[in-house]
Amino acid sequence: MALTIKTRKLVHRKAWEMCTPAPANTAAGSFVVSDKFNIIPNSLAFFVAGYSNIYRYDGDEDSWVQIPNSGLAGTFGAGACGEIRGLGAMGGVFTQTATGGAAGVINTNRTIVRNLVDRKIRVIGGAGLGFVGKIKSNTIGANAIITVKNANGTDATQVFDATTQYQIFSGSLWVQGAGASAGFGVYDLATNAWTLRTATALTWGVDGQLVSTLGSANGFATGTATSATSTTLVHSTKSWLSNQWANHQVRITKGTGAGQIREISSNTGTTLTVAAAWAVTPDSTSEYIIEGNEDNFYLGGNNAVTLYRFKVSTNAWTTLTPTAARAGAMGAGATLCWADSVTNWDVDATTGQPANHTQGGTQMYRQNGRYLLSFRGGGTNSLDVYDIAANTWISGLSYGYMNETFTTGTASIDFDGMIYLQKEATGRIFRFNLDRWTLQSFAYNPQPQGAVLVGGKMFMLPYQEGGSELLFFYTLVHTSNILMRMLVI
Amino acid sequence: MPIYSSISNSGGSGSGGATEITQEEMRQTLETLGYFLGSILEKLPRLDVNDRVAANVETGSLASVSTVATVTNMTNLNNFGGGNAALMPYWMSSPGIQHAYNQLEFV
């Protein structure tokens, strides 16, 4: 199968299509998120219209189905936000521990309610460490038993037991609530169940953005270790910038210790120091990849400068204390997007260092995965950047065509090095090109809008075939159930 | 008294022989023709001085047709299908994407 795309800009103008309307109107705080990395089958998105009316949208079918009540605390409204993840979160965690097993079989303590055949599964600890394959079959109901197969479809022979720690790419939806004592929780697709997680204990409102730095995205650096200790991995030919990989994760993909994932606490030019000791110390056969830290979520908004970080593994929030505080609060219409796949933002192949990218006299780097970009909102055109590696803010960056301002009702989404912004209820859509560092005109949504509402209303679904990719840009409408899409040309 | 019309006998051999009808039959024929013309005229669209067509749309249920409204805006037009006719231009925009889809080759 191959897809040849012959569309040409100017010749072929972008055009809108009407999709099946959502089962509910958008309301204050309602938002939509999608599987933009195309990890879950059927081109998945979720529309969170409220705590109890949440719907799954299948792009492949252009249809909707309701999912269970979230049960989150607080009152749904402005500030609610969420994120979709490829990793399943049975019981509220990504990493599951088996209760037993055998060759090619993993026993669980989870109540799986659906067939997970062909979902990716990987073992990151214990017996079977390093196994990466697919689910061959699973039982339905309590204490489900999973039979796995190799990536090529043959039966797996690895032996698993009660020490096996595994992750399944079956999908999960994470939601930050709103109002007093706003709740936080996750919906897991495999178990069709919500798990409430530790909340921030804040009264949450105005606007909100929940962002994850998922490891399933592009890797940012790869190589083969030259040596390692129980808490380090050394690649002697590298010349990384000091601590440029802090708060990222390193995953061993091949060789000794394959399958292990560790958070990077610091790095020198040649050495990564990991936050937790290796269970199996890598050696010179170990190939690695440095990725976004899939354990982390970042939460911003609430008309404040404070940024919060949630760790799935510990079920705990941290109020970040950056070296330089953000210069302005994140108001209504603010955005928060992870810059993870910007064209030309790769590590320089010659020096091993990211190219210097100076903005407004402040140094930042063209390093994918390191920054969260945030338009401040609140009627301003201000752009601030959070440096994940250095835990600091770079505020008030200048950029091209920075005349547009954003406030209540502005929606945003990032995809392939672009941040798409739909200005309030005007239907005017821009995109911020991170490589060119400029705001660009993108599209106009002619659909009449209702009363302006806080909340994310845009999502992207990619269609991939034979190395080619089509992007479909979707948007809901303010105070309406209308869903429209557009092929990005 | 018979009269003779100039109506040709289409089924004839081409000799041009006339058909003989009575005055009563002619009257009945004219009445029938008048009835048909009246019926057709009743169903023809009425135009105003600017050649615009006036259309009426029922707003009551079929079981109790009691109200009609002249279609002067999209709100009245909604009554056709019970939906929001204001969206019609946008629904109709969907076929416009074909010019782009035609440039995609799936092999």
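Residues numbered from 1 in each chain as written. Chains lettered and ligands numbered in written order. Predicted model: local features only at pLDDT ≥ 70, side-chain atom pairs only at ≥ 80, totals over all residues. Heavy atoms only, no water.

Asker: What am I meant to see in the sheet that holds strand E33 (residues 383-387) of chain A here?
Answerer: Hydrogen bonding along the main chain pairs the strands of a sheet, whether they run parallel or antiparallel. Residues and elements named next belong to chain A. The antiparallel open sheet is built from 4 strands, whose spatial order is E29-E32-E33-E34. Bordering the open sheet on either side are strand E29 (337-339) and strand E34 (392-394), each of which pairs with just one other strand. Pairs of neighbouring strands in the sheet enclose a mean axial angle of 30°, with direction left out of account. Across 5 bridges, strand E32 (residues 371-375) lies against E33 in antiparallel orientation. Bridge pairing links Tyr 371 to Asp 387 in E33. (Pairing = 2+ DSSP bridges. Helix = DSSP H or I, 4+ residues; strand = E, 2+ residues; numbered from the N terminus. Axes fitted to C-alpha atoms, helices over the stretch in contact; angles between N-to-C directions.)

Asker: Just to check I follow, could you spell out the pairing of strand E41 (residues 483-487) of chain A for this structure?
Answerer: In the case of a regular strand, side chains alternate between the two sheet surfaces. Residues and elements named next belong to chain A. The buried fraction of E41 is high, at 5 of 5 residues. Across the two faces of E41 the burial is the same, with Leu 483, Arg 485 and Leu 487 and Met 484 and Met 486 all buried. Relative to E41, strand E40 (residues 468-476) runs antiparallel, the two being bridged by 5 bridges. Residue pairing in the sheet places Thr 475 in a bridge with Met 484 of E41. (Buried < 20%, exposed > 50% of the residue type's maximum accessible area, 1.4 Å probe, protein only.)

Asker: Honestly, the side chain of Gln 249 of chain A in this entry has me stumped. Any pointers?
Answerer: Residue and element names in this part refer to chain A. You can see Gln 249 is positioned in strand E22 (residues 249-254). Residue Gln 249 is classed as buried on the basis of its relative accessible area of 3%. At 2.7 Å, the side chain of Gln 249 forms a polar contact with the side chain of Glu 291. Among the polar contacts made by the side chain of Gln 249, one reaches the main-chain amide nitrogen of Glu 294 at a distance of 3.1 Å. Among all residues touching Gln 249, those that are not within four sequence positions of it are Gly 215, Ile 261, Arg 262, Glu 263, Ile 264, Ile 289, Ile 290, Glu 291, Gly 292, Asn 293 and Glu 294. (Polar contact = N/O pair within 3.5 Å; in protein donor to acceptor, adjacent residues only side chain to side chain. Contact = heavy atoms within 4.5 Å.)

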